[in-house]
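Residues per chain are reported as follows:
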Amino acid sequence: MTEQPDPEPVLSRVEPLDGGLYADQPYEAALGDLRGTVGAVSAALRDAGGATREHLLARQRELNRLQLDLRPDDTDALADARDLCHRVRAELARLPGGDA
């Protein structure tokens, strides 16, 4: 009998440990902000079309790239990530049905 692979990615089930190496640090805050903003963009993509959809996809790629490149000791990048998240959430709020 062959075992069927789990279709859900394992990373979706990984929970960060409380009190980890960077807990309560700007890095964790920025990373959490990025993840939340990526989720908000993903949700907005469901109803977006045309140029708005293309813009959101570009923002999603930008946010994903930042998640991968973010380093705990790069304070400028941490601030840039938080600023980008703020701008993207403001853009989302201006979309029809957004939380203005």
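Quantities reported herein were computed from a predicted structural model and do not represent experimental measurements.

Reading the values: rules and limits
- Residues numbered from 1 in each chain as written.
- Predicted model: local features only at pLDDT ≥ 70, side-chain atom pairs only at ≥ 80, totals over all residues.
- Heavy atoms only, no water.
- Helix = DSSP H or I, 4+ residues; strand = E, 2+ residues; numbered from the N terminus.
- Buried < 20%, exposed > 50% of the residue type's maximum accessible area, 1.4 Å probe, protein only.
- Contact = heavy atoms within 4.5 Å.
- Areas by Shrake-Rupley, 256 points an atom, 1.4 Å probe, with all protein chains shown as cover.
- Salt bridge = Lys/Arg side-chain N within 4 Å of Asp/Glu carboxyl O.
- Expected span 1.5 Å × (residues − 1).
- Arc of directions from axis to C-beta.
- Polar contact = N/O pair within 3.5 Å; in protein donor to acceptor, adjacent residues only side chain to side chain.

What follows covers the overall build of the chain. Within the chain, the secondary structure is distributed over three helices and zero strands. Shown N-terminal to C-terminal, the secondary structure of the chain runs as helices and strands in the order α-α-α. Considering the chain as a whole, with its 100 residues, one finds that 25% of them fall into the buried category. When contacts within the chain are restricted to residue pairs at least 6 apart in sequence, those whose partners lie at least 24 apart make up 62%. Only carbon and sulfur atoms are counted for the fraction: they give 52% of the accessible area of the chain, which is about 7,400 Å².

This part takes up the pattern of salt bridges. Counted by the stated rule, this structure contains four salt bridges. Measuring nitrogen to oxygen at the nearest pair gives 2.7 Å for the salt bridge that ties D33 to R89. With D33 in helix α1 (residues 26-45) and R89 in helix α3 (residues 75-94), this residue pair connects regions lying 56 residues apart in the sequence. Taking the relative accessible area as the measure of exposure, D33 reaches 14% and is therefore buried. Of the residues examined, R89 reaches a relative accessible area of 33% and is grouped as partly exposed.

The subject of this paragraph is α1. Between its terminal C-alpha atoms α1 stretches 28 Å, which fits the 28 Å expected from 20 residues at 1.5 Å a residue. Buried within α1 are the following residues: Y27, A30, L31, D33, L34, T37, V38, V41 and L45. Looking straight down α1, one finds that the buried residues subtend no more than 160 degrees of arc, so they occupy a single side. In this structure, the buried residues of α1 make contact with α2 (50-69) and α3.

Another point: the side chain of T37. When you line up the elements, T37 lands in helix α1. Taking the relative accessible area as the measure of exposure, T37 reaches 1% and is therefore buried. Here the side chain of T37 touches D33 through a polar contact of 2.8 Å, landing on its backbone oxygen. At 3.1 Å, the side chain of T37 and the side chain of R89 are in polar contact.

Any functional reading would require information that these geometric values do not contain.
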